[in-house]
Amino acid sequence: MTPRRTKIYFDGGCRPNPGPMEIAVVAGGVAQVERDIGTGSSMDAEWLALIAALRLARVRGLADFVLLGDAATVVAQANGAARARGSAATHLAAYRALAGAGPPPRVRHIRRHQNLAGIALARR
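Reference entry: report on the structure contained in this document. (Residues numbered from 1 in each chain as written. Predicted model: local features only at pLDDT ≥ 70, side-chain atom pairs only at ≥ 80, totals over all residues. Heavy atoms only, no water.)

**Considerations on the overall build of the chain**
- Across its full length, the chain carries four helices and six strands.
- Along the chain direction, N to C, the helices and strands of the chain fall in the order β-β-β-β-α-β-α-α-β-α.
- On C-alpha atoms alone, the chain measures out to a radius of gyration of 14 Å, which is about the 14 Å that the 2.2 N^0.38 rule sets for 124 residues.
- Residues counted as buried form 43% of the 124 residues belonging to the chain.
- Excluding contacts between residues fewer than 6 apart, the proportion of contacts in the chain whose partners are at least 24 apart in sequence is 67%.
- Of the roughly 7,000 Å² that the chain leaves accessible, carbon and sulfur atoms contribute 52%. (Helix = DSSP H or I, 4+ residues; strand = E, 2+ residues; numbered from the N terminus. Rg over C-alpha atoms; globule rule 2.2 N^0.38 Å. Buried < 20%, exposed > 50% of the residue type's maximum accessible area, 1.4 Å probe, protein only. Contact = heavy atoms within 4.5 Å. Areas by Shrake-Rupley, 256 points an atom, 1.4 Å probe, with all protein chains shown as cover.)

**Structural notes on the nonpolar core**
- Membership of the largest hydrophobic core comes to 26 residues, with the highest contact counts inside it found for I8, F10, W47, L50, L67, Y95 and V107.
- Counting only elements with at least two residues in this core, the list comes to β1 (6-14), β2 (19-27), α1 (42-59), β5 (65-69), α2 (72-78) and α3 (87-99).
- No other element matches α1, which puts nine residues into this core.
- Discounting residues that sit within four places of it in the chain, Y95 has contacts with W47, L50, I51, L54, L67, A78, P105 and V107. (Core = buried A, V, L, I, M, F, W, Y, C linked by side-chain atoms within 4.5 Å.)

**With respect to the pairing of strand β3 (residues 30-34)**
- Both β2 and β3 contribute to a ladder of five bridges, which runs antiparallel. Within the sheet, the bridge partner assigned to V26 lies in β3 and is A31.
- Hairpin geometry of β2 and β3 is characterised by an intervening segment of two residues between the two adjacent antiparallel strands and by a positive phi of about 60° at G28. (Pairing = 2+ DSSP bridges.)

**Topic: the pattern of salt bridges**
- Inspection of every chain in the model, using the stated rule, returns four salt bridges.
- Here R106 makes a salt bridge to D64, at a shortest N to O gap of 3.2 Å. Residue R106 is found in strand β6 (residues 106-109), and its partner D64 is found in the loop between α1 and β5; the two are separated by 42 residues along the sequence.
- With a relative accessible area of 31%, D64 lands in the partly exposed category.
- Connected through shared salt-bridge partners, R5, D64 and R106 make up one network. (Salt bridge = Lys/Arg side-chain N within 4 Å of Asp/Glu carboxyl O.)

**Quick notes on the packing of α1 against α3**
- Axis separation between α1 and α3 bottoms out at 10 Å; the angle between their running directions is 5°. Our classification of the angle between α1 and α3 gives roughly parallel. Counted together, D44, W47, L48, L50, I51, L54, R55 and R58 of α1 and S87, A88, H91, L92, A94, Y95, L98 and A99 of α3 form the full contact between these two elements. (Axes fitted to C-alpha atoms, helices over the stretch in contact; angles between N-to-C directions. Parallel < 35°, antiparallel > 145°, perpendicular 65-115°, else oblique.)

Purely geometric numbers; function is a separate question.
Structure (structure tokens):
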């Protein structure tokens, strides 16, 4: 039997925008939520959530995983389908450094109501 690919959900936000940021990462049904991680835009928060999700995959030593988020622009930038400018370019550089050499991590866009990390943020 082939092992299943691990799904890692990520989401970030801030209130107001810009304002205090928060992120969530969900893997294996367990949510990790970080509140008040600094001040920034919703785009910054989404990027920090993606980086936290990739960091979790690395810490767990996962080889077969997919990062799932509802921020279409961040997903497109991470996959090289959209240009990153300003702070997004800085976050993209940090993401790529963490990803390292080899095949890029799988990052996929999902609908907001499918994002377990977004649900975790809304509940707290």
